[in-house]
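Take a look at the letters that make up each chain.
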Amino acid sequence: MFLVFKDPSAVAQFVSERLVQLIKDKPAAILGLATGSTMEPVYERFCQDVKAQGLDVSQLSSFNLDEYIGLSADHPQSYHYYMNRYLFDHLNFAKSKTFVPDGTPVDVELHCEQYSQKIMDNGGIDLQLLGVGGNGHIGFNEPGTPFDSRTHVIDLSVQTRIDNSRFFDSMDEVPTRAVTMGMKDIMEAKQILFIATGANKADVVAALYASDYDEQMPASMLKRHPNTLFIIDEKAAAQLPASAVQRMA
Ligand code: F6R
C-alpha cells in the first residue's frame, strides 16, 4: 500500500514528523540517510522542525547510503558535501558520528567491509530513508544487485549516470562507480521510509507496484521488509490503481 500525499512538501512534513518522534523516543538513534533531490525538502523541513522544537540531535549517529568513487568529501557534487550542505551544518550533529562512505579510500574493498561492520557494531539502523532511482535502485544498488549484498563497489548504470548528470557540468564528469551500502544492510534497518515524489517517478513507482520480489527491481526487496512505509506524492502515484493507494491529508 502506498501512502499518497498531495505534494513533496506534505511528504516532507510527514517524514520530518517521523524523524522528530524517533529522536524524542530515542535520542541516540542511528539514522540511515539518503541524498538526492527527493531528500532536499525533507531535510529542509526536518531542520525547521528541530529548531522550532528546540531538539538536540547531538546524540544521533548516521550512516549514509552511498558516495561516488573519485569524489572527495569537499567536492561540491560528493554526497558528503551534500549532507553538510542540506543537513549536518544546520543542526548540532556530532560530525564524528555522521558516517558517509569514503569516495577516495586507499583500500576500497576494506573500506566497504568496515562500513557494513560499523553499522552492525553500532547496533543497526533504527530508521532508514530511501529515495528510488528511475531504474528502481535504492542506495546505488542497481538492478541485478544480490539481495544479500553488503557495502560494495558498483558500476553505475547508464540510466543512473544520465539521471544524475543534471548535477554536473557534463556527462563526462559523472563518476562511473560508487560505494553503496548493500541490500542486506538496508533490509536490516528496523524501519524504512521509502520516498518518491514527482512525475519523473511515476513509471518506477508503477513498475515497483507491478513487480514481485525481484533483484531486477531493487526496491521490490522492501515488499518483504516488516516495517516499511511507501510514501509518495500525487504525481508519483499517477499510474497506480486506486486499490494500491491510501490518500493522506
Ligand atoms: C542517494 C541514493 C539514490 C537516490 C535516487 C533518487 O543517496 O541513495 O538512491 O535516492 O537516485 O535520487 P533523486 O532523489 O535525486 O531522484
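Residues numbered from 1 in each chain as written. Predicted model: local features only at pLDDT ≥ 70, side-chain atom pairs only at ≥ 80, totals over all residues. Heavy atoms only, no water.

The protein is annotated in an unreviewed UniProt entry as Glucosamine-6-phosphate deaminase from Oligella urethralis DNF00040. What the UniProt record of the protein gives under Pathway (unreviewed entry) is the line "Amino-sugar metabolism; N-acetylneuraminate degradation; D-fructose 6-phosphate from N-acetylneuraminate: step 5/5." In its Function (unreviewed entry) section, the UniProt record describing the protein reads: "Catalyzes the reversible isomerization-deamination of glucosamine 6-phosphate (GlcN6P) to form fructose 6-phosphate (Fru6P) and ammonium ion." (UniProt positions renumbered as here; feature names shortened; annotations may be inferred.)

A. View of the layout of surface pockets. Taken as a whole, the largest pocket holds about 510 Å³ of empty space. Lining the largest pocket we find 27 residues, and of these Val132, Gly133, His137, Asn164 and Lys201 sit closest to its centre. Mapped by element, the contributors of at least two residues to the lining of the largest pocket are helix H5 (158-164) and helix H7 (202-210). Residues that form the lining of the largest pocket fall into these classes: 8 nonpolar, 14 polar and 5 charged. Lining the second largest pocket are 14 residues; nearest its centre among them are Pro76, Gln77, Tyr82, Tyr86 and Phe167. Of all the elements, helix H3 (residues 79-86) adds the most residues to the lining of the second largest pocket, at 5 residues. (1 Å grid on protein atoms, 1.4 Å probe; cavity = no way out; pocket = protein on both sides within 12 Å on 5 of 7 lines; lining within 4 Å. Points joined across faces, edges and corners; volume = space filled by probe spheres on them. Helix = DSSP H or I, 4+ residues; strand = E, 2+ residues; numbered from the N terminus. Nonpolar A, V, L, I, M, F, W, Y, C, P; charged D, E, K, R; others polar.)

B. Up close: the UniProt feature "domain: Glucosamine/galactosamine-6-phosphate isomerase" (unreviewed entry) in the protein. In this numbering, the UniProt entry assigns the feature "domain: Glucosamine/galactosamine-6-phosphate isomerase" (unreviewed entry) to residues 10-226. The straight-line gap between the two end C-alpha atoms of residues 10-226 is 24 Å; of that span, 34% is helix and 14% is strand.

C. Quick peek at the pairing of strand S8 (residues 177-180). Two strands pair when backbone bridges link them, and strand S4 (residues 66-68) and S8 are joined in this way by 3 bridges, in the antiparallel orientation. Bridging from a neighbouring strand, Glu67 pairs with Val179 of S8. Here strand S7 (residues 152-155) pairs with S8 via 4 bridges, running antiparallel. The partner of His152 across the bridge, within S8, is Thr180. (Pairing = 2+ DSSP bridges.)

D. Expanded view of H7. Every buried residue of H7 is listed here: Ala202, Val204, Val205, Ala206 and Leu208. Here the buried face of H7 lies against strand S1 (2-5), strand S9 (191-196) and strand S10 (228-233). (Buried < 20%, exposed > 50% of the residue type's maximum accessible area, 1.4 Å probe, protein only. Contact = heavy atoms within 4.5 Å.)

E. Examining the site of the ligand more closely. Around the ligand, the surrounding shell holds 15 residues, and the nearest of these are Thr38, Asp66, His137, Gly139 and Lys201. For the shell around the ligand, the class distribution of residues is 4 nonpolar, 8 polar and 3 charged. (Near = heavy atom within 4 Å.)

F. Highlighting the packing of helix H2 (residues 39-52) against H3. Contact pair H2 / H3: the axes reach a minimum separation of 10 Å and the direction vectors enclose 35°. Counted together, Met39, Glu40, Tyr43 and Cys47 of H2 and Tyr82, Met83 and Tyr86 of H3 form the full contact between these two elements. By residue class, the composition of the contact of H2 with H3 is 6 nonpolar, no polar and 1 charged. (Axes fitted to C-alpha atoms, helices over the stretch in contact; angles between N-to-C directions.)

G. Just the UniProt feature "active site" (unreviewed entry) in the protein, in detail. UniProt records the feature "active site" (unreviewed entry) at Asp66, Asn135, His137 and Glu142, using the numbering of this structure. Lining residues of the largest pocket drawn from the annotated set just named are Asp66 and His137. On the basis of relative accessibility, which here comes to 10%, the residue His137 falls in the buried class. In this structure His137 touches Gly131, Val132, Glu142, Thr160 and Pro218, once residues within four positions along its chain are discounted. In this structure, Glu142 sits in the loop between strand S6 (127-130) and S7. Judged by its relative accessible area of 4%, Glu142 is buried.

H. The arrangement of the environment of Pro143 in detail. Structurally, Pro143 can be placed in the loop between S6 and S7. Considering only alpha carbons, one finds Pro143 and Asn122, 21 residues apart in sequence, at a separation of 29 Å. Setting aside residues no more than four positions away along its own chain, Pro143 makes contact with Asn135, Glu215, Gln216 and Pro218.

I. Looking closely at the nonpolar core. Leu87, Leu129 and Ile232 are the most contacted members of the largest nonpolar core, which has 69 residues in total. Element by element, the count of residues in this core is highest for helix H1 (residues 8-25), at 9 residues. Setting aside its immediate chain neighbours within four residues, Leu129 contacts Val15, Leu19, Gly32, Leu33, Ala34, Met39, Val42, Tyr43, Leu65, Leu193 and Ile195. Of all hydrophobic cores here, the second largest spans 9 residues; its members include Leu71, Tyr79, Phe140 and Phe168. (Core = buried A, V, L, I, M, F, W, Y, C linked by side-chain atoms within 4.5 Å.)

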